[in-house]
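Listed here are the chains, written in short residue letters.
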Amino acid sequence: MAIYTRTGDHGDTALYTGQRVSKSHPRVEAYGTLDELNATLSLCWCATVREENKAQLTRFQQHLFWLSAELASEASDPVAGRRYISSEDISEMEHTIDRCMAAVPVIKNFVLPGRCEAASRLHIARTLARRAERRMVVLAGSVPVRQVAMQYINRLSDCLYALARDEDHLAVINQVTQTILQRYQQALATSATEGTPATAPAQCPAPGILAFGVIHQMACAAMGAAKEAGVPVVFSLVDSHGNLLFTWRMPGALLVSCELAPKKAWSAVALKAPTHTLGTATQPGGPLYELASSMAGKVVTFGGGYPLWQAGTLLGGLGISGGTVEQDMAIARAALVCAHFSDETAPGQQ
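Residues numbered from 1 in each chain as written. Predicted model: local features only at pLDDT ≥ 70, side-chain atom pairs only at ≥ 80, totals over all residues. Heavy atoms only, no water.

Draft legend 1. Highlighting the nonpolar core. Within the largest apolar cluster, 44 residues are counted, with the highest numbers of intra-cluster contacts made by Leu37, Leu41, Phe60, Leu71, Met136, Leu156 and Leu160. The set of elements that each furnish at least two residues to this core consists of α1 (26-47), α2 (51-71), α3 (87-103), α4 (117-140) and α5 (147-194). The dominant element in this core, judged by the number of residues it contributes, is α5, at 10 residues. (Core = buried A, V, L, I, M, F, W, Y, C linked by side-chain atoms within 4.5 Å. Buried < 20%, exposed > 50% of the residue type's maximum accessible area, 1.4 Å probe, protein only. Helix = DSSP H or I, 4+ residues; strand = E, 2+ residues; numbered from the N terminus.)

Draft legend 2. Fine view of the packing of α1 against α2. Viewed as axis vectors pointing N to C, α1 and α2 meet at an angle of 165°, and their least axial separation amounts to 9 Å. Between α1 and α2, the interaxial angle falls into the category roughly antiparallel. Taken as a pair, α1 and α2 cross one another with a handedness that is left-handed. Seen from α1, the contacting residues are Arg27, Ala30, Tyr31, Leu34, Leu37, Asn38, Leu41, Ser42, Cys44, Trp45 and Cys46; seen from α2, they are Lys54, Leu57, Thr58, Phe60, Gln61, Leu64, Phe65, Leu67, Ser68, Glu70 and Leu71. (Axes fitted to C-alpha atoms, helices over the stretch in contact; angles between N-to-C directions. Parallel < 35°, antiparallel > 145°, perpendicular 65-115°, else oblique. Left-handed = near helix turned anticlockwise from the far one by under 90°. Contact = heavy atoms within 4.5 Å.)

Draft legend 3. Representation of the pattern of salt bridges. Applying the stated criterion across every chain yields a total of 11 salt bridges. Glu36 is the salt-bridge partner of Arg131, the closest N and O atoms lying 3.0 Å from each other. Taken together, the positions of Arg131 in helix α4 and Glu36 in helix α1 put the pair 95 residues apart, joining distant regions of the chain. Arg131 gets classed as partly exposed once you look at its relative accessible area, which sits at 28%. On the basis of relative accessible area, Glu36 is assigned to the partly exposed category, the value being 37%. Two residues, Arg130 and Glu133, come together in a salt bridge whose shortest N-O distance is 3.0 Å. Taken as a pair, Arg130 and Glu133 lie in helix α4 at a separation of 3 residues, close to a single helical turn. Several salt bridges share partner residues, and in doing so they unite Arg130, Glu133 and Asp158 into one network. (Salt bridge = Lys/Arg side-chain N within 4 Å of Asp/Glu carboxyl O.)

Here's what the structure looks like:
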């Protein structure tokens, strides 16, 4: 079946209600611009990442078909069986605007249109929506146009702006995530290349520094031991000066463990001893009596914290919290054994 009719060869076209008008008529300009916007939204859909935004663009395309049909008719009364833009459609669009703008940083100046492909296309669609609105304003100067239709096209450009901001923000997050992941993988690869066989003691890139690969190795071992024991824990590492290097909370671990694990690691470094050996020393009559109270709770004196010694050098401290004292100690030792650290108090006992 041929799609050409030859009836428009002289510069006029037929409306839905049968009347023939010039192709430059304001009515044709209005629904023709909506058709241009609809085609652009299909490009936006192809580039958009967030599924919720893609679904909204599909709804917009359906709405534009309804609106185009409305503008392409001289009928003043609604046509039976035809779909029309409603106030509910505008409310739904406003919810989308609120969702997107709540997720992006607040700005008080103009933004360059689009830092990613999806946002760039959405900004083009936004300008087309503004053009369509201008065409509809011209049309409304000579023929009746429903106020709801005017409100819809005005709100549509706002919504496309919000979607563009949302896609830009999502692209930034994804880029940062990819960068961190690449650095993580590169660190593991470097550690594997510069490290030693699994049976040898853990090696560090410089004296007194824990290699990233060693930290990863210990964390995996601790998590594995914790899962085997059925105890979600918090794993924490500090450097030789007590500065926090790494903390990981397993799903379900006690919130208090987020405080205790780093304190155990810090205590092990500060006193250069496993925390389970400090209990007796801090009791009345012991050499460290009242130490815990004088440190305002920063020192922990029950099991789960270990200093990390290598060749007589203190590299840092490990803290595990989440189970019983015995379980925390067992999980910590699994991490120490995996990375070939000693669980002894003094470096000479390794």
